[in-house]
Amino acid sequence: MRLGVNIDHIATLRSQRGTPYPDPVDAVPIVELAGANGITCHIRIDRRHITERDVRLIRDITKTSLNVELCTDPEIVNFICGIKPHHACLVPEREGEQTTEGGLDLSKNKEDIKKTISILKDKGISVTLFVEPDTFIMETAKLLGVDAVELNTKSYCETSHIEKEIKRLKDASIVAHELGLEVHAGHGLEYHNMKGILSVPHIVELNIGHSIISRAVFTGLEEAVKTMLTLIRNE
Ligand code: PXP
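Here's a quick rundown of the structure. (Residues numbered from 1 in each chain as written. Predicted model: local features only at pLDDT ≥ 70, side-chain atom pairs only at ≥ 80, totals over all residues. Heavy atoms only, no water.)

### Section: the sheet that holds strand S3 (residues 66-70)
(1) Moving on: One closed barrel holds the 8 strands; their spatial order is S1-S2-S3-S4-S5-S6-S7-S8, and the pairing between them is parallel. On average, each strand axis in the sheet is inclined to that of its neighbour by 25 degrees, with strand direction left out of account.
(2) Moving on: Where strand S1 (residues 2-6) and strand S2 (residues 38-42) come together, 3 bridges link them in parallel fashion. What sits directly across from Gly4, in S2, is Gly38. (Pairing = 2+ DSSP bridges. Helix = DSSP H or I, 4+ residues; strand = E, 2+ residues; numbered from the N terminus. Axes fitted to C-alpha atoms, helices over the stretch in contact; angles between N-to-C directions.)

### A look at the site of the ligand
(1) Moving on: In the neighbourhood of the ligand, 13 residues make up the surrounding shell, with Thr100, Glu150, Gly188, Gly209 and His210 lying closest.
(2) Moving on: In the model, an oxygen atom of the ligand is placed 2.8 Å from a nitrogen or oxygen of the Gly188 main chain.
(3) Moving on: Separating an oxygen atom of the ligand from a backbone N or O atom of Gly209 is a distance of 2.8 Å.
(4) Moving on: Notes on the ligand: free accessible area 400 Å², of which the protein chains cover 94%.
(5) Moving on: One can see that the ligand is located within the largest pocket.
(6) Moving on: For the shell around the ligand, a count of residues per class yields 3 nonpolar, 8 polar and 2 charged. (Near = heavy atom within 4 Å. Polar contact = N/O pair within 3.5 Å; in protein donor to acceptor, adjacent residues only side chain to side chain. Areas by Shrake-Rupley, 256 points an atom, 1.4 Å probe, with all protein chains shown as cover. 1 Å grid on protein atoms, 1.4 Å probe; cavity = no way out; pocket = protein on both sides within 12 Å on 5 of 7 lines; lining within 4 Å. Sits in = over half its atoms within 2 Å of the grid points. Nonpolar A, V, L, I, M, F, W, Y, C, P; charged D, E, K, R; others polar.)

### Quick word on helix H3 (residues 52-61)
(1) Moving on: For H3, the full list of buried residues reads Asp54, Val55 and Ile58. Taken around the axis of H3, the buried residues stretch over an arc of 95 degrees, which confines them to a single face.
(2) Moving on: Contacts made by the buried residues of H3 are with helix H1 (8-17), helix H2 (24-33), S2, S3 and helix H4 (74-83). (Buried < 20%, exposed > 50% of the residue type's maximum accessible area, 1.4 Å probe, protein only. Arc of directions from axis to C-beta. Contact = heavy atoms within 4.5 Å.)

### Digging into the environment of Gly209
(1) Moving on: Among the secondary structure elements, Gly209 is positioned in the loop between strand S8 (203-208) and helix H10 (210-219).
(2) Moving on: Judged by relative accessible area, Gly209 falls into the buried class, the value being 11%.
(3) Moving on: In the structure, Gly209 is positioned 154 residues away from Val55 in sequence and 16 Å away in space, judged by C-alpha atoms.

### Remarks on unusual backbone geometry
(1) Moving on: Cis geometry is adopted by the peptide bond preceding Pro22, which originates at Tyr21 and carries an omega value of -10 degrees.
(2) Moving on: One can find Pro22 in the loop between H1 and H2.
(3) Moving on: With phi around 50 degrees, Arg47 is a residue other than glycine that occupies positive phi space.
(4) Moving on: Following the sequence through the fold, Arg47 ends up in the loop between S2 and H3.
(5) Moving on: A positive phi is found at His187, a non-glycine position, where the angle reads about 110 degrees.
(6) Moving on: Checked against the element boundaries, His187 lands in the loop between strand S7 (182-186) and helix H9 (194-198).

### A look at the layout of surface pockets
(1) Moving on: What the largest pocket holds in volume is close to 940 Å³.
(2) Moving on: Counting residues per element, the ones that place at least two in the lining of the largest pocket are H1, H2, helix H7 (154-158), S8 and H10.
(3) Moving on: A class-by-class count of the residues in the lining of the largest pocket yields 14 nonpolar, 18 polar and 9 charged.
(4) Moving on: Its boundaries defined by the atoms lining it, the second largest pocket holds a volume of some 300 Å³.
(5) Moving on: If you go around the second largest pocket, you meet 18 residues; those closest to its centre are Cys71, Val91, Pro92, Glu93 and Arg94.
(6) Moving on: Residues that form the lining of the second largest pocket fall into these classes: 6 nonpolar, 4 polar and 8 charged. (Points joined across faces, edges and corners; volume = space filled by probe spheres on them.)

### As for the packing of H2 against H3
(1) Moving on: It is the contact of H2 with H3, at a shortest axis distance of 9 Å, that shows an interaxial angle of 25 degrees. Considering their axes alone, H2 and H3 lie roughly parallel with respect to each other. Considering how the two elements wind past one another, H2 and H3 form a crossing that is right-handed. Contact with H2, carried on its side by Pro24, Val25, Val28, Pro29 and Glu32, involves Arg53, Asp54, Leu57, Ile58 and Ile61 of H3 and no other residues of that element.
(2) Moving on: A per-class count over the contact of H2 with H3 returns 7 nonpolar, no polar and 3 charged. (Parallel < 35°, antiparallel > 145°, perpendicular 65-115°, else oblique. Left-handed = near helix turned anticlockwise from the far one by under 90°.)

Dropping the structure here:
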């Protein structure tokens, strides 16, 4: 199981005061030396946290693998094509959202999504779709020609009906795997809800941000990443 650490919340803290610190770029070697498999960051239309400058520098120094989350906005897509991260994860974006609010609606925005996938893939970037854990959506994702799906774990993290949410994740994961899609998962995962997600078959990558950066305030970033890796790899 791979761990991608989402470093956005270092930039959130920076934006809070408009200071040049803390710099998300500085997190990259620490996260990598702690043993994580990749770096994830999300550039939004309003660039309110992660900026172009961040993505450029992060790309330059990342030695593992860089996964950039983005929406289908043409200017952002064009910028990311120039950066050429290893992976791009398409996510929905609503102006003013606090964080990504759900998986992509593949029925509503299909043409936009399809076009964006083909632009990114033409540049040699592997593409993931952030989607709800629903078997029908896995089939649509396959038809769109992506390499992977990232299953949204928000409902699993917030529900009191854990078994039901685990079943949704398992069903979706099994179908995605059968279709030849790589399965990732993320959103809201933290140190105390790892057990359930690790029981879902075929997931090869977790993308985790808020809980790791929050813990880092007390333990330091290296320790926070190492503790998460221990949970992921020893379950
Ligand atoms: N995956 C995706 C697609 C996301 O948008 C986010 C949040 O930016 C995450 C994973 C990480 O979520 P969290 O910060 O809750 O761990």
